[in-house]
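Each chain is listed here by its residues.
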Amino acid sequence: MKKLIKVFVISMLITLTIGGTVSARQIDSFSHFRITTAWAETRQLTKAKNDSQYVINLELSRGLNINVKNRLVNSNDDARSYDNLSECGYRYSYDNWAQAGYFYSLQMARQNWWDGAAYIDGSWSPDES
């Protein structure tokens, strides 16, 4: 019986060592982030999972209720999601075709060409959960 337990424990340790890599979701917060009609970019985070939506949380900033265009981009500024529109004060999840293990950032811009600069607060992650 002891031999069976030893074999089981050793096989579990080998399984965890070989295939048990656990990756944690990265989250970035931004405060007083300036956006205009041109794309502004957050810092880069590593995506942990394939087939996971990216998440954006936008807070109302200085009483402004604005819409913010956003998209996920890789380190070459190539889009890895469609352009999406988020209203401040809510949490959104969006589809993307980004791959796990690579660096991505969130680009944001004002919705309309006539909108002036604004400052927003919030957070984002390349993985929903």
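Residues numbered from 1 in each chain as written. Predicted model: local features only at pLDDT ≥ 70, side-chain atom pairs only at ≥ 80, totals over all residues. Heavy atoms only, no water.

K.L.:
Would you mind showing me how to read the sheet that holds strand β1 (residues 28-35) here?
P.N.:
Backbone hydrogen bonds hold the strands of a sheet together, and the pairing may be parallel or antiparallel. In space, the 4 strands of this open sheet follow the order β1-β9-β4-β7, with antiparallel pairing throughout. Whereas interior strands pair on both sides, the edge strands pair on one side only; in this sheet they are β1 and β7 (91-94). Taking the axes of each pair of neighbouring strands and ignoring which way they run, one obtains an average angle of 30 degrees across the sheet. As paired elements, strand β4 (residues 54-59) and strand β9 (residues 118-125) share 5 bridges and run antiparallel to each other. Residue E59 lies in a different strand from β9, and its bridge partner there is D121. (Pairing = 2+ DSSP bridges. Helix = DSSP H or I, 4+ residues; strand = E, 2+ residues; numbered from the N terminus. Axes fitted to C-alpha atoms, helices over the stretch in contact; angles between N-to-C directions.)

K.L.:
Looking at this structure, how should I read the packing of aromatic side chains?
P.N.:
The relative placement of two aromatic rings is captured by the distance of their centres and the angle of their planes. Summed over all chains, the structure comprises 6 aromatic pairs. When the ring of Y54 is compared with that of Y94, the centres are 5.5 Å apart and the planes differ by 45 degrees; the resulting orientation is tilted. Note that Y54 is positioned in strand β4 and Y94 in strand β7, a separation of 40 residues in sequence. Taking relative accessible area as the criterion, Y54 reaches 0% and is therefore assigned buried. Classification of Y94 as buried rests on a relative accessible area of 12%. With centroids separated by 6.5 Å and ring planes inclined at 70 degrees, the aromatic side chains of Y90 and Y92 adopt a geometry described as edge-to-face. Residue Y90 is classed as partly exposed on the basis of its relative accessible area of 48%. (Phe/Tyr/Trp six-rings, centres within 6.5 Å; stacked < 30°, edge-to-face > 60°. Buried < 20%, exposed > 50% of the residue type's maximum accessible area, 1.4 Å probe, protein only.)

The analysis is restricted to geometry; functional conclusions fall outside its scope.
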